[in-house]
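So the chains spell out like this:
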Amino acid sequence: MNSSPSHFDRGSGPDSGSVVSDSSVGESLYPCGRPLLEFPSPLKLVVLGATGSIGRQTLDLVRQYPDKLQVVAVSCHRNLEGLKSWLADLAESCPEAPEPLVAISDFAARETAAKDTALVGGSSGGKLLAGGTVGLVEAVTEPSEAHCLVNALVGSVGLEPTLAAARRGMRIALANKESLVVGGELVRSAVQEYGAEVLPVDSEHSAIAQCLSGRRENEIRQLVLTASGGPFRQTPAEELERVTLGQVLDHPTWNMGPKITVDSATLMNKGLEVIEAHHLFGVEFDRISVVVHPGSIVHSLVEFVDGALLAQLGTPDMRIPLLYAIGGEKHWPLDSSRLDLVKVGTLRFEAPDLGRFPCLALALEAGRAGGAAPIVLNAANETAVDALLTGRIRYAEIPRVIEDCLATSGGGKISSLDEALTVDQLARKTACGFIDRLGSGHP
Ligand code: NDP
Ligand code: MG
């Protein structure tokens, strides 16, 4: 376990001038100020959610750095064609590397894959692991050597592999924010016990991590997360009742998987990110604010106690924070497009409208309540987003499902993974009930 003092430790900063009361300070999961883990080269990667948006961008980075990055295990859910082409591209770029272990979490897809030599046991396919969450955890625990988990899964299914990587003392390049929303405390205690490290992939948290570098906790006044505002930033409330799925999925700045794209349209994504920042940086909710910044140029900021603000800027290219996390917070050369500040011209900022975007308000409330509330919030949201994507509810009904779930599900403290999973399952059932009733009321 890493016992070096954190720059967030109380008393390590200036003797006077801190406006942050001790009671508002939590323990930071992010290793701010602590030395990062050292690994031999090549860095051995487990890529979960390989076929998704972040997973494919991870492959792009591996192809750029075949000598420094080696994939030892991968997963997908049911996109077998995507996985096949992922593995073929990997084999072409890294012909010397051994075949990675393969986890396919959807049981039916796994059965199909078991007969396909392009996926397993063939010229480019590796050993097939178990289905479901068991296989995702095996992908972390089975490779003889594994240094870094790139957790690019979507949803709370990412929590157990995150915990498994923490127990293996690994670097966790965490895109899967739901891991922390659902199990922030569990992840923190496992990371501390086993000397693992969590490095954020989410662009906002990567920006904050960069701004915090070398800073002390009592220098910080607040964290400021930026939000693009999504496709409905200027849409009047009454029109939000009628928006189509196509409009919801038309994000103005980022090209991402469907679930996070919907979350960006409802601003739930920003709510989940506030909870993620709370756990990562050990900062109380009152000291995390959200500002809408339509261009997605400023990825987030830290305000210091003297009024100074530090920000990290860049083009909206997730490979930048992804490589920064995988590479142990070093800036490796990357062929990203460069930001032309003169072309950008102006940076705009607005306050978020909690009335038109109730998901953000619900997430902040659930985050503050803690315990079971963020688990219920997340489960209800995942269920509602799936219902929207499959045409069973409308965009404006998402916050209604979540609010009803939060109102009917009990709160309470969560002290184990089993408790967290039980709350998660129950909340999904409750959300399904609400959705069925809504669906039956539709014309
Ligand atoms: P995608 O939907 O593009 O990809 C999700 C991946 O997870 C796919 O490989 C998918 O497999 C797999 N998957 C889906 N459902 C399950 C399941 N039930 N069990 C196991 N695996 C599953 O997501 P993104 O890449 O966009 O996002 C991944 C995570 O990163 C999310 O937590 C998101 O919030 C976060 N993030 C994403 C950003 C982005 O730019 N995309 C930016 C910041 C954070 P299959 O393809 O077979 O269905
Ligand atoms: Mg983000």
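What this report covers is the structure whose coordinates are included nearby. Every value quoted in this text rests on a predicted model; they were computed, and no experiment measured them.

## As for unusual backbone geometry
- The amide bond that connects Ser 41 to the next residue, Pro 42, takes the cis arrangement and shows omega of 0 degrees.
- Among the secondary structure elements, Pro 42 is positioned in the segment before strand S1 (43-48).
- Residue Ser 296 is not a glycine yet carries a positive backbone phi of 50 degrees.
- Of note, Ser 296 is situated in the loop between strand S8 (288-292) and strand S9 (298-304).
- Positive phi, close to 55 degrees, is recorded for Glu 329, a residue that is not glycine.
- Positionally, Glu 329 belongs in the loop between helix H12 (319-326) and helix H13 (341-344).

## So, the pairing of strand S10 (residues 309-313)
- Direction of pairing for S9 relative to S10: antiparallel, over a ladder of five bridges. Of the residues in S10, the one forming a bridge with Val 302 is Leu 310.

## Re the side chain of Asn 151
- When you line up the elements, Asn 151 lands in strand S4 (residues 148-151).
- Other than its neighbours up to four places away in sequence, Asn 151 contacts Leu 48, Gly 158, Thr 162, Ala 173, Leu 174, Ala 175, Asn 176 and Ser 179.

## Some remarks on a nonpolar patch on the surface
- Together, Leu 313, Leu 341, Leu 347 and Phe 349 make up a nonpolar patch on the protein surface, roughly 350 Å² of accessible area in all.
- Within the secondary structure layout, Leu 347 lies in the loop between H13 and helix H14 (358-369).
- Of the residues examined, Leu 347 reaches a relative accessible area of 36% and is grouped as partly exposed.

## With respect to the site of ligand 1
- Around ligand 1 lies a shell of 25 residues, among which Thr 51, His 77, Arg 78, Asn 79 and Glu 178 are the nearest.
- Within the backbone of Gly 52, a nitrogen or oxygen atom sits 3.2 Å from an oxygen atom of ligand 1.
- Interatomic distance of 2.7 Å between a backbone N/O atom of Asn 79 and an oxygen atom of ligand 1.
- Summarising the interface, the protein chains cover 86% of the accessible area of ligand 1, which totals 890 Å² for the free molecule.
- When residues of the shell around ligand 1 are traced back to their parent elements, those giving at least two are helix H1 (53-64) and helix H10 (258-266).
- A breakdown of the residues in the shell around ligand 1 according to their chemical character gives 12 nonpolar, nine polar and four charged.

## Here we look at the environment of Glu 217
- With respect to the element layout, Glu 217 can be found in the loop between helix H7 (203-212) and strand S7 (220-227).
- When the C-alpha atoms of Glu 217 and Ser 28 are compared, they prove to be 9.6 Å apart, with 189 residues separating the residues in sequence.

## A closer look at the packing of aromatic side chains
- The full count for this structure, using the stated rule, is three aromatic pairs.
- Seen in terms of ring centroids, Phe 232 and Tyr 395 are 5.0 Å apart; in terms of plane orientation they differ by 70 degrees. Their pairing is edge-to-face. Linking Phe 232 in the loop between S7 and helix H8 (237-240) with Tyr 395 in the loop between helix H15 (373-389) and helix H16 (398-408), this pair joins segments that are 163 residues apart in sequence.
- It is Lys 68 that lies over the ring of Trp 332; its NZ or CZ is 4.6 Å from the centre.

Each value, and the rule that gives it
Residues numbered from 1 in each chain as written. Chains lettered and ligands numbered in written order. Predicted model: local features only at pLDDT ≥ 70, side-chain atom pairs only at ≥ 80, totals over all residues. Heavy atoms only, no water. Helix = DSSP H or I, 4+ residues; strand = E, 2+ residues; numbered from the N terminus. Pairing = 2+ DSSP bridges. Contact = heavy atoms within 4.5 Å. Patch = residues over 30% accessible without salt bridge, like charges linked within 9 Å, V, L, I, M, F, W, Y side chains within 5 Å. Areas by Shrake-Rupley, 256 points an atom, 1.4 Å probe, with all protein chains shown as cover. Salt bridge = Lys/Arg side-chain N within 4 Å of Asp/Glu carboxyl O. Buried < 20%, exposed > 50% of the residue type's maximum accessible area, 1.4 Å probe, protein only. Near = heavy atom within 4 Å. Polar contact = N/O pair within 3.5 Å; in protein donor to acceptor, adjacent residues only side chain to side chain. Nonpolar A, V, L, I, M, F, W, Y, C, P; charged D, E, K, R; others polar. Phe/Tyr/Trp six-rings, centres within 6.5 Å; stacked < 30°, edge-to-face > 60°. Lys NZ or Arg CZ within 6 Å of the ring centre and 35° of its normal.

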